[in-house]
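A structural walkthrough
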Amino acid sequence: MAVNLRRASGLRLEATYFALGQVAVRNPATLRMRRHRKLKLVFEKPELNKVKLRKVLAAYNVEEAAWTKTPDSPYESSSGPEWQNSCAVIMSQLATQLKEEIMTTDSLNAQLPAMSADLMTLPKPLTSVMDLSTAPRHGSLLRVAYQGVPGAYSEMAASKAYPNCEAVPCDQFEAAFQAVELWVVDRAVLPIENSLGGSIHRNYDLLLRHRLHIVGEVQIVVNHCLLGLPGVKKEELRRVVSHPQALAQCEQNLSKLGVTREAVDDTAGAAQFIVAYDLKDTGAIASSRAAEIYGLDILEANIQDDSDNVTRFLMLAREPIIPRNDRPFKTSIVFTLEEGPGVLFKALAAFALRKINLRKIESRPQRKRPLRIIDDSNNGVPQYFDYLFYIDFEASMADPRAQNALGHLQEFAPFVRVLGSYPTDITLICS
Ligand SMILES: O=C(O)C(=O)C[C@]1(C(=O)O)C=C[C@@H](O)C=C1
């Protein structure tokens, strides 16, 4: 993938990042981002102001000690939280910081391949932490993190949730959580479940690990397309790459095609991947918008196994919203239970007794406490699985029934946390 930041920053950066790849920023600087939390910056012009660069990286929580200098002047970090932040945010911030020092000439730009106009509209960088601390109004230019690259379904979900927002791409779900926590962005919009593929477990786990609040939900009808390089025919494909959820949603149709499948971080990233490596024998499952952005042909539209393919996304923020009673609301909670017959039944009864409808129940292993030994009931036999229960129920926390149900649950649940009380999305938009 090549991203042109010239319009936003006055600096021409070419960047590539996807599951198997790296970021390569050519003239006047080279920026390589590798997997495994490794970020490497190589300057072709050593006179570039590294102090400013370091300031940028410090803003992303990169500790000075984590950085080393080698003779050919790269700064390298092999670990640390910086990788968690959005590559694109760092790049755009970097571009702005460096732009005063780099004279970009037309002749330099002419050496680089032409980019799609869509790729030039990357998020504008934030100037300082002070700017970030002023809470933006809903519907104004909020910065909204999503996982993936432009053209991902999550980017569409971010736009549905916050029209006119600046959608900020992140390489991993965790990066989106951290971007909100560090005030790099205002909100995150992340997938939580799909009607064909089921729950996105990683995000359930991250909801518990991080202290963000669910402030809303959006649903998107996902219409997958099989994309190929211009001129390539469907029959010529030997391999199809995409996000694992997307591959799962197209499983039967891909089996009919007789292609091998490979997973990458997101659907639009898959489209970038085949363009970047000019892979004529490889197709990508992605949106029609991704086809437009990356200049690919749609070899088959609606390739998902079932036309009713809906993904639900959660909107996350640092602060909860005030729950209301004048429109349909949902509340999401997570809790643990003691061992024993009927405990889950009792927990669910707290809602049933108050006629509160449950919309979703999910259980996840408790990572910090995977092993529990129960002496009396099981004669000291170790139990290897202990669970967290996530429930979405149809009531607002402003509703006394919901408050009473949680009070009731707390009587026997050792741990209960409200993840958010938010308006139910009753609309559907198509990708
Ligand atoms: O890869 C993307 O485009 C995404 O936005 C991620 C994602 C997911 O995680 O479920 C979102 C919607 C589709 O269900 C497929 C993939």
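For the structure, see preceding data.
These lines cover the structure that appears in this document, whether it is placed above or below. Computed from a prediction, not measured in an experiment: that's the story for all the values here.

So, how was this worked out
- Residues numbered from 1 in each chain as written.
- Predicted model: local features only at pLDDT ≥ 70, side-chain atom pairs only at ≥ 80, totals over all residues.
- Heavy atoms only, no water.
- Pairing = 2+ DSSP bridges.
- Helix = DSSP H or I, 4+ residues; strand = E, 2+ residues; numbered from the N terminus.
- Axes fitted to C-alpha atoms, helices over the stretch in contact; angles between N-to-C directions.
- Contact = heavy atoms within 4.5 Å.
- Near = heavy atom within 4 Å.
- Polar contact = N/O pair within 3.5 Å; in protein donor to acceptor, adjacent residues only side chain to side chain.
- Areas by Shrake-Rupley, 256 points an atom, 1.4 Å probe, with all protein chains shown as cover.
- Nonpolar A, V, L, I, M, F, W, Y, C, P; charged D, E, K, R; others polar.

**Side note on the sheet that holds strand β12 (residues 260-263)**
Reading across from one edge, β12-β11-β13-β10-β14 is the order of the five strands in this open sheet, with mixed pairing throughout. The sheet is open, and its two edges are formed by β12 and β14 (297-300), each paired on a single side. When the angles between neighbouring strand axes are averaged without regard to direction, this sheet yields 35 degrees. With three bridges connecting them, strand β10 (residues 225-228) and strand β13 (residues 282-286) associate as antiparallel partners. Across the sheet, residue Cys225 finds its bridge partner in β13, namely Ala286. Contacting β10, β11 (239-242) and β13, helix α11 (residues 267-276) crosses the sheet at an angle of about 155 degrees to β13.

**Quick look at the site of the ligand**
Lining the immediate surroundings of the ligand are 13 residues, of which Tyr153, Ser154, Gln249, Thr267 and Thr311 lie closest. The side chain of Ser154 places a nitrogen or oxygen atom 2.6 Å from an oxygen atom of the ligand. At 3.0 Å, a side-chain N or O of Gln249 approaches an oxygen atom of the ligand. Protein contact buries 100% of the 360 Å² of open area that the ligand shows by itself. At the level of elements, α6 (153-161), β7 (187-194), α9 (244-249) and β15 (310-317) are the ones that each hand at least two residues to the shell around the ligand. Across the shell around the ligand, the residue classes break down as five nonpolar, seven polar and one charged.

**Some details on the environment of Ser154**
Topologically, Ser154 is positioned in helix α6. Each C-alpha atom, one on Ser154 and one on Pro169, is 9.3 Å from the other, the two residues being 15 residues apart in sequence. Residues contacting Ser154, with those up to four places away along its chain left out, are Tyr146, Gln147, Pro191 and Phe313.

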